[in-house]
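Structural description and commentary
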Amino acid sequence: MNLWELPTLDLAKEILGMKLIHVDDKGTTSGYIVETEAYLGPEDRAAHSFNNRRTARTEVMYDEAGTIYTYFIYGMHVCFNIVSGPVNKPEAILIRALQPIEGIEEMKERRVRAKTEIQLTNGPGKLSKAMGFTLSDNGKKMNEENIRIEEGMRFGPNEISSGPRIGIQYAAEAVHYPYRFWIKNNPYVSR
């Protein structure tokens, strides 16, 4: 089975430990994915596509799984997501935290205010800045251009935790859904 064909909640766990790689004009940056959040589209009040909302921003969510979805939060931070549902079922997985592997010096240049290596990538806005992801990556396909995912570290089910997503207080009952997944005891997890 193609990785991108997995149901969103399964995919959000499956990509934990995988290596996310970005190649740009400054070189290669990469890291192991250590935290994700799943958003289940029209039925999920926390999803940008809740109730089949279609806007210029969310239109990419209706594309095929494996499409990159980037957007601004708080008017200054880019978040990096991977579309995960079938075409016209707008689901996505937010990459929340990475454990850096390659290009750490470049990450430090991009994240000059980070005091430790952990602070380079222990949150969605931080990792996007460290990895050099921008709004121009929106709509690209994973593994087809300069952004790809490869096998990395493997974790068993007992090494993965789940709990409520972060920063979605507006989402009524969806605030409690255990759709955030992370590698237990990994220092790079956002919180």
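These numbers were taken from a predicted model, which means no experiment stands behind them.

Thresholds, definitions, all that
- Residues numbered from 1 in each chain as written.
- Predicted model: local features only at pLDDT ≥ 70, side-chain atom pairs only at ≥ 80, totals over all residues.
- Heavy atoms only, no water.
- 1 Å grid on protein atoms, 1.4 Å probe; cavity = no way out; pocket = protein on both sides within 12 Å on 5 of 7 lines; lining within 4 Å.
- Points joined across faces, edges and corners; volume = space filled by probe spheres on them.
- Helix = DSSP H or I, 4+ residues; strand = E, 2+ residues; numbered from the N terminus.
- Nonpolar A, V, L, I, M, F, W, Y, C, P; charged D, E, K, R; others polar.
- Buried < 20%, exposed > 50% of the residue type's maximum accessible area, 1.4 Å probe, protein only.
- Contact = heavy atoms within 4.5 Å.

1. A look at the layout of surface pockets
If you add up the space inside the largest pocket, you get close to 710 Å³. Around the largest pocket, the lining comprises 33 residues; the ones closest to its centre are I73, Y74, C79, P124 and G125. For the lining of the largest pocket, the secondary-structure elements that each account for two or more residues are β2 (27-39), β3 (68-73), β4 (77-83), β5 (92-102) and α4 (124-131). Element by element, the count of residues in the lining of the largest pocket is highest for α4, at five residues. Residues that form the lining of the largest pocket fall into these classes: 18 nonpolar, nine polar and six charged. For the second largest pocket, the calculated volume is near 180 Å³.

2. Some words on α4
By the criterion of burial, α4 is predominantly enclosed, with six of the eight residues buried. When we look at burial in α4, the residues that qualify are P124, G125, L127, S128, A130 and M131. Among the structural elements, β1 (19-24), β2, β4, β5, α2 (104-110) and α3 (118-121) are those in contact with the buried residues of α4. In the stretch just after α4, G132 is the one whose phi turns positive, near 80°.

3. Quick word on the environment of Y177
Of note, Y177 is situated in the loop between β7 (160-163) and β8 (180-183). Between the C-alpha atoms of Y177 and N88, which are 89 residues apart in sequence, the distance is 23 Å. With residues up to four places along the chain from it excluded, the contact list for Y177 reads D44, G163, P164 and R165.

Worth remembering: the numbers are spatial, not functional.
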